[in-house]
Amino acid sequence: NFGSSNFGPRPSGAGAFEARAPVLFAAMGFGGKGKGKGSGGWGMVWAPMFAKGMFGKGKGKGKGKMSANNFKPDKKVWIGGIPEGVTYKELHEHFKVAGAKWVEVWQGNGSGTGVACFATAEEAAAAIITLNGSELKGGTLVVDVWEKKPKA
């Protein structure tokens, strides 16, 4: 009996699948008219935590991370002679008078150097004039034009 099953004669039509195995699927929460709200169908399907962001709009990736790389070279100035232990916050306070939007202090290989970024090239040029030779925590800062490193 190739077409026979344990559930009796095989019905046909729209609800044929549900009618063939009502006990099994109703117990699992699929189909049927019992087990919670809804009118049959799938209802709530379990989704693992990692899959939550796969569908729909999600939360986005933020507004992008700020960094000196986001500024054009003519809006950046190179800073040398930064005394050891000076933080980017202290340097930013020092450069705020010239309108600095972003400041970085480099550690390790480029220790004692940093970058300040401005909204316009004019602000950057003015910062070189006004802040070159200024003092910060006992050290004299060297402020110069930003030169892009040649690619190795």
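So, here is what we can say about the structure in this document. All residue numbers refer to position in the chain's written sequence, counted from 1. The predicted nature of this model means local features are confined to residues of pLDDT at least 70 and side-chain atom pairs, given and counted, to a pLDDT of 80 or more, with totals for whole chains, interfaces and linings taken over all residues. Each side-chain value is derived from all of the structure's non-hydrogen atoms; neither hydrogens nor water enter the calculation.

Topic: unusual backbone geometry
Defined as follows: Only DSSP runs of H or I with at least four residues qualify as helices, and only runs of E with at least two residues qualify as strands; both kinds are numbered from the N terminus onward. Relative accessibility decides the category of a residue: with a 1.4 Å probe and only protein chains considered, values under 20% of the type maximum give buried, values over 50% give exposed, and everything between is partly exposed.
Here the phi dihedral of K137 falls at roughly 50 degrees; this positive angle occurs in a residue that is not glycine. Relative to the assigned elements, K137 resides in the loop between β4 (135-136) and β5 (139-140). Assessed through its relative accessible area of 58%, K137 is described here as exposed.

Here's the deal with the packing of aromatic side chains
Put simply, the rule is: Centre distance within 6.5 Å is the pairing criterion for rings of Phe, Tyr and Trp, where only the six-membered ring of Trp is used; planes under 30 degrees apart are then read as stacked, over 60 as edge-to-face, and the remainder as tilted.
On inspection of all chains with the given rule, the structure shows one aromatic pair. With a centroid separation of 6.0 Å and an interplanar angle of 55 degrees, the aromatic rings of W106 and W146 are classed as tilted. Of this pair, W106 sits in the loop between β2 (100-105) and β3 (114-118) while W146 is found in the segment after β6 (142-145), placing the two residues 40 residues apart along the sequence.

Quick look at the pairing of β3
Regular strands place side chains that alternate from one sheet face to the opposite one. For clarity, the cut-off: Strands are labelled as partners when DSSP assigns at least two bridges between them.
Of all the five residues making up β3, five are buried; the element is thus mostly covered by neighbouring parts of the structure. Burial of β3 is two-sided: the residues G114, A116 and F118 facing one way and the residues V115 and C117 facing the other way are all buried. As paired elements, strand β1 (residues 76-80) and β3 share four bridges and run antiparallel to each other. In the strand pairing of β3, K76 is matched with C117. One ladder, built from five bridges, connects β2 with β3; its direction is antiparallel. Bridged to E104 within β3 is V115.

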